[in-house]
Amino acid sequence: MKTLLSTYEKLNLRNRVVMAPMTRSRATKDHAPTDIMATYYAQRAKAGLIITEGTSPSANGVGYSRIPGIYTDEQAKAWETVANEVHKKGGKIFMQLMHTGRLAHPDNMPKDSRILAPSPIAPPETKMYVDDKGMVAIPIPQEMTLEDINQEIGTFVSSAKRAIEAGFDGVELHGANGYLIESFISPHTNKRKDFYGGSIENRLRLPLAIVKKVAEAVGPDKVGLRISPNGTLGDMKPFEGQMETYSHFIEKLNELNIAYIHLLDLESFGQTAVPPEIRTMVRNKFQGTLILSGGYDQYSGEEALKNNEGDLIAYGRPFIANPDLIERWKNDIPLANANGDLFYTPGPEGYIDYLGS
Ligand SMILES: Cc1cc2nc3c(=O)[nH]c(=O)nc-3n(C[C@H](O)[C@H](O)[C@H](O)COP(=O)(O)O)c2cc1C
(Lines give C-alpha, C1' and ligand atoms only; values in the text may rest on other atoms or scores of the structure.)
Protein backbone atom coordinates (compact mmCIF):
# COMPACT_ATOMS: atom_id res chain seq x y z
CA MET A 1 0.00 0.00 0.00
CA LYS A 2 1.16 3.50 -0.75
CA THR A 3 2.28 5.42 2.32
CA LEU A 4 0.02 8.44 1.81
CA LEU A 5 -2.99 6.17 1.81
CA SER A 6 -1.94 4.17 4.85
CA THR A 7 -3.38 4.78 8.32
CA TYR A 8 -1.72 7.00 10.90
CA GLU A 9 -2.38 5.40 14.26
CA LYS A 10 -0.92 8.12 16.46
CA LEU A 11 -3.82 10.46 15.61
CA ASN A 12 -6.18 7.66 14.60
CA LEU A 13 -6.41 8.80 10.96
CA ARG A 14 -7.49 6.57 8.10
CA ASN A 15 -4.85 8.01 5.79
CA ARG A 16 -1.99 10.50 5.89
CA VAL A 17 -3.60 13.01 3.58
CA VAL A 18 -4.70 16.20 5.32
CA MET A 19 -6.98 18.77 3.73
CA ALA A 20 -5.16 22.07 4.32
CA PRO A 21 -7.04 25.05 5.79
CA MET A 22 -8.48 27.19 3.00
CA THR A 23 -10.41 30.41 3.29
CA ARG A 24 -13.30 30.20 0.82
CA SER A 25 -15.40 33.17 1.97
CA ARG A 26 -18.76 31.36 1.86
CA ALA A 27 -19.93 32.48 5.30
CA THR A 28 -22.53 35.24 5.71
CA LYS A 29 -21.59 38.91 5.86
CA ASP A 30 -21.97 38.52 9.63
CA HIS A 31 -19.40 35.73 9.60
CA ALA A 32 -21.74 32.82 10.34
CA PRO A 33 -21.16 29.45 8.64
CA THR A 34 -23.68 28.49 5.91
CA ASP A 35 -25.24 25.18 4.84
CA ILE A 36 -23.08 24.96 1.72
CA MET A 37 -20.03 24.90 3.97
CA ALA A 38 -21.29 21.68 5.58
CA THR A 39 -21.81 20.17 2.12
CA TYR A 40 -18.33 21.26 1.00
CA TYR A 41 -16.53 19.71 3.96
CA ALA A 42 -18.65 16.54 3.90
CA GLN A 43 -17.74 16.07 0.21
CA ARG A 44 -14.08 15.99 1.25
CA ALA A 45 -14.47 13.80 4.36
CA LYS A 46 -12.30 10.97 3.01
CA ALA A 47 -9.19 13.00 3.81
CA GLY A 48 -7.44 11.56 6.86
CA LEU A 49 -7.98 14.90 8.55
CA ILE A 50 -9.75 18.08 7.43
CA ILE A 51 -8.56 21.40 8.78
CA THR A 52 -11.19 24.08 8.26
CA GLU A 53 -10.65 27.46 6.74
CA GLY A 54 -9.33 30.16 9.06
CA THR A 55 -12.10 30.92 11.58
CA SER A 56 -11.89 33.90 13.83
CA PRO A 57 -11.96 33.52 17.60
CA SER A 58 -12.74 37.22 18.04
CA ALA A 59 -14.81 40.00 16.49
CA ASN A 60 -11.47 41.82 16.27
CA GLY A 61 -9.93 39.00 14.24
CA VAL A 62 -12.38 38.67 11.39
CA GLY A 63 -10.54 40.93 8.94
CA TYR A 64 -11.66 39.46 5.59
CA SER A 65 -15.10 39.60 4.07
CA ARG A 66 -17.35 36.57 4.59
CA ILE A 67 -14.88 34.49 6.57
CA PRO A 68 -16.48 32.59 9.44
CA GLY A 69 -16.07 33.20 13.14
CA ILE A 70 -16.72 31.19 16.27
CA TYR A 71 -16.87 34.07 18.72
CA THR A 72 -20.65 33.81 19.27
CA ASP A 73 -22.88 30.94 20.33
CA GLU A 74 -24.92 31.35 17.11
CA GLN A 75 -21.80 30.83 14.99
CA ALA A 76 -20.89 27.79 17.09
CA LYS A 77 -24.37 26.35 16.55
CA ALA A 78 -23.99 26.67 12.77
CA TRP A 79 -20.58 24.96 12.97
CA GLU A 80 -22.20 21.93 14.66
CA THR A 81 -23.76 20.99 11.34
CA VAL A 82 -20.35 21.04 9.65
CA ALA A 83 -18.77 18.76 12.26
CA ASN A 84 -21.79 16.41 12.19
CA GLU A 85 -21.83 16.05 8.41
CA VAL A 86 -18.11 15.24 8.31
CA HIS A 87 -18.41 12.73 11.15
CA LYS A 88 -21.38 11.04 9.47
CA LYS A 89 -19.02 10.25 6.59
CA GLY A 90 -16.42 8.86 9.00
CA GLY A 91 -14.13 11.88 8.66
CA LYS A 92 -12.14 13.85 11.21
CA ILE A 93 -12.08 17.64 11.41
CA PHE A 94 -10.07 20.28 13.26
CA MET A 95 -11.04 23.94 13.18
CA GLN A 96 -8.35 26.46 12.31
CA LEU A 97 -8.50 29.45 14.67
CA MET A 98 -7.23 32.45 12.73
CA HIS A 99 -7.13 35.90 14.30
CA THR A 100 -6.29 38.17 11.38
CA GLY A 101 -4.55 40.80 13.55
CA ARG A 102 -3.28 43.67 11.40
CA LEU A 103 -4.37 41.99 8.14
CA ALA A 104 -7.88 43.36 8.31
CA HIS A 105 -10.21 46.02 6.99
CA PRO A 106 -12.92 47.66 9.11
CA ASP A 107 -15.51 47.33 6.31
CA ASN A 108 -15.19 43.56 6.59
CA MET A 109 -15.61 43.55 10.38
CA PRO A 110 -18.50 43.99 12.81
CA LYS A 111 -19.24 47.48 14.11
CA ASP A 112 -17.24 48.35 17.25
CA SER A 113 -14.52 45.84 16.45
CA ARG A 114 -10.89 46.97 16.32
CA ILE A 115 -7.85 46.10 14.23
CA LEU A 116 -5.21 44.96 16.70
CA ALA A 117 -1.48 44.28 16.45
CA PRO A 118 1.59 44.24 18.68
CA SER A 119 2.68 47.59 17.20
CA PRO A 120 0.94 50.26 15.11
CA ILE A 121 2.48 49.24 11.79
CA ALA A 122 0.27 48.66 8.74
CA PRO A 123 1.37 46.11 6.16
CA PRO A 124 2.95 48.43 3.57
CA GLU A 125 2.23 46.49 0.38
CA THR A 126 -0.69 44.16 1.06
CA LYS A 127 -4.12 45.32 -0.11
CA MET A 128 -7.37 43.80 1.06
CA TYR A 129 -10.56 42.86 -0.77
CA VAL A 130 -13.75 44.55 0.43
CA ASP A 131 -17.15 43.61 -1.08
CA ASP A 132 -18.40 46.40 -3.40
CA LYS A 133 -15.07 48.25 -3.22
CA GLY A 134 -12.46 45.81 -4.49
CA MET A 135 -8.86 45.98 -3.32
CA VAL A 136 -8.20 48.72 -0.78
CA ALA A 137 -5.33 49.82 1.46
CA ILE A 138 -5.16 48.43 5.00
CA PRO A 139 -5.33 50.97 7.85
CA ILE A 140 -2.81 51.25 10.67
CA PRO A 141 -3.70 48.82 13.48
CA GLN A 142 -4.01 49.79 17.13
CA GLU A 143 -1.14 48.82 19.40
CA MET A 144 -2.53 46.30 21.84
CA THR A 145 -2.69 47.24 25.50
CA LEU A 146 -2.00 44.57 28.12
CA GLU A 147 -5.74 44.38 28.60
CA ASP A 148 -6.22 43.78 24.87
CA ILE A 149 -3.59 41.04 24.97
CA ASN A 150 -5.30 39.24 27.84
CA GLN A 151 -8.66 39.65 26.22
CA GLU A 152 -7.62 38.26 22.82
CA ILE A 153 -5.82 35.32 24.46
CA GLY A 154 -9.11 34.67 26.25
CA THR A 155 -11.00 34.63 22.96
CA PHE A 156 -8.80 31.79 21.68
CA VAL A 157 -9.64 29.79 24.81
CA SER A 158 -13.39 30.39 24.68
CA SER A 159 -13.52 29.72 20.94
CA ALA A 160 -11.52 26.51 21.24
CA LYS A 161 -14.00 25.33 23.87
CA ARG A 162 -16.91 26.26 21.61
CA ALA A 163 -15.34 24.35 18.72
CA ILE A 164 -14.95 21.20 20.83
CA GLU A 165 -18.50 21.55 22.17
CA ALA A 166 -19.71 21.94 18.58
CA GLY A 167 -18.19 18.51 17.84
CA PHE A 168 -14.79 19.34 16.32
CA ASP A 169 -11.99 16.87 16.96
CA GLY A 170 -9.53 19.64 17.73
CA VAL A 171 -8.30 23.10 16.84
CA GLU A 172 -5.34 24.34 14.82
CA LEU A 173 -3.92 27.66 15.98
CA HIS A 174 -2.88 29.80 13.02
CA GLY A 175 0.64 30.95 13.84
CA ALA A 176 1.60 31.57 10.20
CA ASN A 177 1.12 34.04 7.32
CA GLY A 178 1.43 37.30 9.23
CA TYR A 179 -1.73 37.06 11.33
CA LEU A 180 -1.92 38.00 15.00
CA ILE A 181 0.20 35.19 16.44
CA GLU A 182 3.01 35.48 13.88
CA SER A 183 3.00 39.27 14.09
CA PHE A 184 4.16 38.89 17.70
CA ILE A 185 7.00 36.54 16.69
CA SER A 186 8.67 38.81 14.12
CA PRO A 187 10.70 41.84 15.24
CA HIS A 188 9.60 43.59 12.02
CA THR A 189 6.00 43.73 13.21
CA ASN A 190 6.58 43.58 16.97
CA LYS A 191 8.43 46.66 18.22
CA ARG A 192 7.04 46.49 21.76
CA LYS A 193 9.12 47.67 24.68
CA ASP A 194 7.25 45.64 27.32
CA PHE A 195 7.58 41.93 28.07
CA TYR A 196 5.72 41.01 24.87
CA GLY A 197 8.47 42.42 22.62
CA GLY A 198 12.27 42.50 22.22
CA SER A 199 13.92 39.23 23.27
CA ILE A 200 13.00 35.83 21.82
CA GLU A 201 11.27 34.87 25.07
CA ASN A 202 9.24 38.06 24.99
CA ARG A 203 8.20 37.78 21.33
CA LEU A 204 7.09 34.19 21.98
CA ARG A 205 5.17 35.09 25.14
CA LEU A 206 1.80 35.66 23.47
CA PRO A 207 2.05 32.69 21.05
CA LEU A 208 3.04 30.34 23.87
CA ALA A 209 0.37 31.72 26.22
CA ILE A 210 -2.28 31.01 23.60
CA VAL A 211 -1.04 27.47 22.96
CA LYS A 212 -0.72 26.71 26.68
CA LYS A 213 -4.11 28.09 27.69
CA VAL A 214 -5.94 26.48 24.80
CA ALA A 215 -4.21 23.15 25.53
CA GLU A 216 -5.22 23.40 29.19
CA ALA A 217 -8.80 24.17 28.20
CA VAL A 218 -9.42 21.42 25.64
CA GLY A 219 -6.53 18.97 26.10
CA PRO A 220 -3.14 19.13 24.34
CA ASP A 221 -4.04 16.17 22.11
CA LYS A 222 -6.71 18.38 20.53
CA VAL A 223 -4.35 21.22 19.65
CA GLY A 224 -2.14 21.82 16.61
CA LEU A 225 -0.15 24.87 15.56
CA ARG A 226 0.60 26.15 12.07
CA ILE A 227 3.87 28.02 11.45
CA SER A 228 5.56 29.51 8.39
CA PRO A 229 9.14 30.45 9.32
CA ASN A 230 10.82 32.78 6.81
CA GLY A 231 7.42 33.44 5.21
CA THR A 232 6.63 36.64 3.36
CA LEU A 233 2.84 36.54 3.08
CA GLY A 234 1.05 39.56 4.55
CA ASP A 235 4.20 41.69 4.27
CA MET A 236 6.18 39.55 6.68
CA LYS A 237 9.94 39.45 6.19
CA PRO A 238 12.70 37.04 7.10
CA PHE A 239 14.47 38.24 10.23
CA GLU A 240 17.80 37.73 11.94
CA GLY A 241 17.74 34.99 14.56
CA GLN A 242 14.87 33.04 13.00
CA MET A 243 16.55 29.72 13.70
CA GLU A 244 17.06 30.55 17.38
CA THR A 245 13.53 31.90 17.67
CA TYR A 246 11.82 28.87 16.15
CA SER A 247 14.17 26.47 17.90
CA HIS A 248 13.21 27.97 21.26
CA PHE A 249 9.55 27.89 20.22
CA ILE A 250 9.74 24.15 19.45
CA GLU A 251 11.45 23.39 22.76
CA LYS A 252 8.65 25.11 24.64
CA LEU A 253 5.97 23.45 22.48
CA ASN A 254 7.44 20.05 23.37
CA GLU A 255 6.79 20.84 27.02
CA LEU A 256 3.14 21.50 26.17
CA ASN A 257 2.73 18.16 24.40
CA ILE A 258 0.48 19.39 21.60
CA ALA A 259 -0.71 17.01 18.89
CA TYR A 260 1.04 18.49 15.90
CA ILE A 261 2.96 21.25 14.18
CA HIS A 262 1.87 22.15 10.67
CA LEU A 263 4.82 23.53 8.74
CA LEU A 264 3.81 25.70 5.82
CA ASP A 265 6.10 26.56 2.93
CA LEU A 266 4.65 28.97 0.38
CA GLU A 267 7.45 28.76 -2.17
CA SER A 268 4.91 27.30 -4.61
CA PHE A 269 2.99 30.61 -4.28
CA GLY A 270 6.11 32.56 -5.26
CA GLN A 271 6.99 33.37 -1.63
CA THR A 272 10.26 32.57 0.17
CA ALA A 273 10.86 28.93 1.12
CA VAL A 274 11.34 27.57 4.63
CA PRO A 275 15.15 27.24 4.84
CA PRO A 276 16.21 23.56 4.81
CA GLU A 277 18.03 23.93 8.13
CA ILE A 278 14.84 25.16 9.82
CA ARG A 279 12.84 22.28 8.28
CA THR A 280 15.39 19.81 9.60
CA MET A 281 15.49 21.45 13.01
CA VAL A 282 11.68 21.34 13.33
CA ARG A 283 11.60 17.70 12.24
CA ASN A 284 14.39 16.61 14.57
CA LYS A 285 13.39 18.65 17.58
CA PHE A 286 9.61 18.44 17.68
CA GLN A 287 8.36 15.34 19.48
CA GLY A 288 4.80 15.32 18.14
CA THR A 289 3.35 14.82 14.68
CA LEU A 290 4.67 16.98 11.85
CA ILE A 291 2.37 17.97 8.97
CA LEU A 292 3.98 19.43 5.84
CA SER A 293 2.17 21.71 3.41
CA GLY A 294 2.97 23.65 0.28
CA GLY A 295 3.07 22.58 -3.35
CA TYR A 296 2.99 18.81 -2.87
CA ASP A 297 1.54 16.40 -5.43
CA GLN A 298 0.99 12.70 -4.88
CA TYR A 299 4.52 11.79 -5.90
CA SER A 300 6.38 14.42 -3.87
CA GLY A 301 4.12 13.73 -0.89
CA GLU A 302 5.02 10.03 -1.01
CA GLU A 303 8.71 10.92 -1.30
CA ALA A 304 8.54 13.26 1.70
CA LEU A 305 6.92 10.54 3.80
CA LYS A 306 9.39 7.90 2.63
CA ASN A 307 12.27 10.20 3.51
CA ASN A 308 10.69 10.79 6.91
CA GLU A 309 10.57 14.57 6.39
CA GLY A 310 7.12 14.63 7.99
CA ASP A 311 4.33 12.35 9.19
CA LEU A 312 1.38 13.74 7.22
CA ILE A 313 1.04 15.83 4.05
CA ALA A 314 -1.54 18.61 3.77
CA TYR A 315 -2.99 19.44 0.36
CA GLY A 316 -4.78 22.68 -0.36
CA ARG A 317 -5.48 23.49 -4.00
CA PRO A 318 -5.81 19.84 -5.11
CA PHE A 319 -8.80 19.42 -2.76
CA ILE A 320 -10.71 22.35 -4.27
CA ALA A 321 -11.57 20.69 -7.59
CA ASN A 322 -11.15 17.09 -6.38
CA PRO A 323 -13.45 16.35 -3.45
CA ASP A 324 -12.67 12.68 -4.18
CA LEU A 325 -8.90 13.22 -4.15
CA ILE A 326 -8.28 10.02 -2.17
CA GLU A 327 -10.29 7.89 -4.64
CA ARG A 328 -8.50 9.49 -7.59
CA TRP A 329 -5.12 8.68 -6.11
CA LYS A 330 -6.18 5.15 -5.20
CA ASN A 331 -7.32 4.51 -8.75
CA ASP A 332 -4.77 6.60 -10.67
CA ILE A 333 -7.44 8.96 -12.02
CA PRO A 334 -6.05 12.32 -13.25
CA LEU A 335 -6.92 15.39 -11.18
CA ALA A 336 -9.36 18.12 -12.23
CA ASN A 337 -8.25 21.77 -12.25
CA ALA A 338 -9.86 24.37 -10.00
CA ASN A 339 -11.18 27.71 -11.23
CA GLY A 340 -9.15 30.29 -9.32
CA ASP A 341 -11.66 33.05 -10.09
CA LEU A 342 -14.14 31.31 -7.78
CA PHE A 343 -11.87 30.68 -4.79
CA TYR A 344 -13.40 33.47 -2.68
CA THR A 345 -16.73 34.28 -4.37
CA PRO A 346 -20.02 33.80 -2.50
CA GLY A 347 -22.39 30.95 -3.35
CA PRO A 348 -22.13 27.32 -4.45
CA GLU A 349 -20.44 27.85 -7.82
CA GLY A 350 -16.81 26.73 -7.84
CA TYR A 351 -17.35 25.41 -4.32
CA ILE A 352 -19.66 22.41 -4.03
CA ASP A 353 -20.15 21.74 -7.75
CA TYR A 354 -16.88 19.88 -8.32
CA LEU A 355 -18.24 16.37 -8.31
CA GLY A 356 -16.47 13.05 -8.13
CA SER A 357 -14.66 11.46 -11.04
C1 LIG B 1 -7.93 29.55 -1.62
C2 LIG B 1 -6.91 29.37 -0.53
C3 LIG B 1 -7.20 29.79 0.76
C4 LIG B 1 -6.28 29.58 1.81
N5 LIG B 1 -6.63 29.93 3.09
C6 LIG B 1 -5.84 29.58 4.14
C7 LIG B 1 -6.29 29.76 5.48
O8 LIG B 1 -7.42 30.19 5.76
N9 LIG B 1 -5.42 29.41 6.46
C10 LIG B 1 -4.16 28.91 6.21
O11 LIG B 1 -3.42 28.62 7.13
N12 LIG B 1 -3.74 28.71 4.93
C13 LIG B 1 -4.55 29.01 3.90
N14 LIG B 1 -4.15 28.71 2.61
C15 LIG B 1 -2.90 27.96 2.40
C16 LIG B 1 -3.20 26.44 2.31
O17 LIG B 1 -3.55 25.92 3.56
C18 LIG B 1 -2.02 25.62 1.79
O19 LIG B 1 -1.01 25.56 2.77
C20 LIG B 1 -1.43 26.17 0.50
O21 LIG B 1 -2.45 26.27 -0.47
C22 LIG B 1 -0.30 25.30 -0.04
O23 LIG B 1 -0.76 24.01 -0.31
P24 LIG B 1 -1.11 23.53 -1.82
O25 LIG B 1 0.12 23.79 -2.64
O26 LIG B 1 -1.41 22.06 -1.63
O27 LIG B 1 -2.28 24.33 -2.28
C28 LIG B 1 -5.03 28.95 1.55
C29 LIG B 1 -4.74 28.57 0.23
C30 LIG B 1 -5.66 28.74 -0.79
C31 LIG B 1 -5.34 28.25 -2.18
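Preceding block: the structure.
This structure is a prediction, so every number in the text was calculated from the model and none was measured.

Engineer: Before we move on, could you go through the pairing of strand E8 (residues 170-175) and cite the residues and values that matter?
Structural biologist: In terms of burial, E8 is a largely internal element, six of the six residues being buried. The sheet contact formed by E8 and strand E9 (residues 223-227) spans five bridges and is parallel. Looking at E9, one finds that Val171 is bridged to Val223.

Engineer: Give me the site of the ligand: which residues, what numbers.
Structural biologist: In the vicinity of the ligand lie 20 residues, with Pro21, Thr23, Arg226, Gly295 and Arg317 positioned nearest. Between the ligand and Arg226 there is a distance of 2.6 Å, counted from an oxygen atom to a side-chain nitrogen or oxygen. Notes on the ligand: free accessible area 610 Å², of which the protein chains cover 94%. Within the shell around the ligand, the residues separate by chemical class into nine nonpolar, nine polar and two charged.

Engineer: Hey, could you go over the nonpolar core for me, with residue numbers and the actual values?
Structural biologist: If you look at the biggest cluster of nonpolar residues, it comprises 82 residues, and the most contacted ones within it are Tyr41, Phe168, Leu173, Val214, Phe249, Leu253 and Tyr315. A total of eight residues in this core trace back to one element, the largest contributor, which is helix H6 (residues 205-218). Setting aside anything within four residues of it in sequence, one finds Tyr41 in contact with Met19, Met22, Ile50, Thr52, Glu53, Trp79, Val82, Val86 and Ile93. Core analysis: the next-biggest nonpolar cluster, separate from the first, contains 13 residues, Phe94, Ala259, Tyr260 and Leu312 among them.

Engineer: Tell me about the layout of surface pockets, residues and numbers included.
Structural biologist: What the largest pocket holds in volume is close to 1,100 Å³. Counting only elements with at least two residues in the lining of the largest pocket, the list comes to strand E5 (127-130), strand E12 (312-315) and helix H10 (317-321). Residues belonging to the lining of the largest pocket are distributed by class as follows: 24 nonpolar, 14 polar and six charged. For the second largest pocket, the lining is made up of 16 residues, of which Lys29, Asp30, His31, Asn108 and Met109 are closest to its centre. Taken together, the residues that form the lining of the second largest pocket break down as five nonpolar, five polar and six charged.

Engineer: Give a detailed account of the sheet that holds strand E10 (residues 260-264), specifying residues and quantitative values.
Structural biologist: Spatially, E1-E2-E3-E8-E9-E10-E11-E12 is the arrangement adopted by the eight strands of the closed barrel, whose pairing is parallel. On average, each strand axis in the sheet is tilted by 25 degrees relative to the strand beside it, whichever way the strands run. Contacts from helix H1 (residues 35-43) reach strand E1 (17-19), strand E2 (49-55) and strand E3 (93-97), with the element oriented near 150 degrees to E2. Across the sheet, helix H9 (residues 298-306) lies against strand E11 (289-293) and E12, angled at about 155 degrees from E12, the strand it touches most.

Engineer: Quick one: what's the story with helix H8 (residues 276-285), residue by residue and with numbers?
Structural biologist: The set of residues buried in H8 consists of Ile278, Met281, Val282 and Arg283. Along its buried surface, H8 packs onto helix H7 (242-256), E10 and E11.

Engineer: I'd like a rundown of empty space enclosed by the protein, residues and numbers included.
Structural biologist: Counted according to the given criterion, the structure contains two cavities of 30 Å³ or more. Approximately 50 Å³ is the volume found for the largest cavity. Forming the walls of the largest cavity are Glu182, Ile185, Ser186, Ser228, Pro229, Asn230, Gly231, Met236, Lys237, Phe239, Gln242 and Tyr246. Of the volumes computed, that of the second largest cavity is approximately 40 Å³. Lining of the second largest cavity is provided by Ser228, Pro229, Gly231, Leu264, Asp265, Leu266, Thr272 and Val274. Classifying every residue of the lining of the second largest cavity gives four nonpolar, three polar and one charged.

Engineer: Tell me about the packing of helix H3 (residues 146-165) against H6, and name the residues and values.
Structural biologist: The geometry of H3 relative to H6 is characterised by a closest axis approach of 9 Å and an angle of 35 degrees between their N-to-C directions. As H3 runs across H6, the sense of the crossing is right-handed. Of the residues in H6, those touching H3 at Ile149, Ile153, Phe156, Val157, Ala160, Lys161 and Ile164 are Leu206, Ala209, Ile210, Lys213, Val214, Ala217 and Val218. For the contact of H3 with H6, the per-class residue count stands at twelve nonpolar, no polar and two charged.

Quick notes on the rules
- Residue indices follow the written sequence of each chain, beginning from 1 at its first position.
- The model is predicted, so local features are restricted to residues of pLDDT at least 70 and side-chain atom pairs to those at 80 or more, both for listing and for counting; the totals for chains, interfaces and linings are taken over all residues.
- Hydrogens are left out, water is left out, and the side-chain values use all remaining heavy atoms of the structure.
- Categorising residues by exposure relies on relative accessible area from a 1.4 Å probe, with only protein chains included: less than 20% of the type maximum marks a residue as buried, more than 50% marks it as exposed, and the intermediate range marks it as partly exposed.
- Under the scheme used here, helices are H or I runs from DSSP no shorter than 4 residues and strands are E runs no shorter than 2 residues, and both carry numbers assigned from the N terminus.
- Paired strands are those between which DSSP finds at least two bridges.
- The cutoff for a nearby residue is simple: one of its non-hydrogen atoms must lie within 4 Å of the molecule or strand.
- N or O atoms closer than or at 3.5 Å make up a polar contact, with two conditions inside protein: a donor-capable atom paired with an acceptor-capable one, and, for residues adjacent in sequence, both atoms drawn from side chains.
- Only the protein chains shown count as covering a residue, and every accessible area follows the Shrake-Rupley method with a 1.4 Å probe.
- Three residue categories are used. Nonpolar comprises Ala, Val, Leu, Ile, Met, Phe, Trp, Tyr, Cys and Pro, charged comprises Asp, Glu, Lys and Arg, and polar comprises the others, including Gly.
- We define a nonpolar core as any set of buried Ala, Val, Leu, Ile, Met, Phe, Trp, Tyr and Cys residues linked to one another through side-chain atoms lying within 4.5 Å.
- The criterion used for residue contact is that any of the two residues' heavy atoms lie within 4.5 Å.
- The way it works is a 1 Å grid over only the protein atoms, where trapped points that fit a 1.4 Å probe form a cavity and open points with protein on both sides within 12 Å along at least five of seven lines form a pocket, and then any residue with an atom within 4 Å of a point lines it.
- Grid points are joined across faces, edges and corners, and a volume is the space filled by probe spheres set on the points.
- Fitted lines through C-alpha atoms serve as axes, helices being fitted only where they are in contact, and the angles separating the N-to-C directions of these axes extend from 0 to 180 degrees.
- Helix crossings fall into two classes, left-handed where the near helix is turned counterclockwise from the far one by less than a right angle and right-handed where it is turned clockwise.

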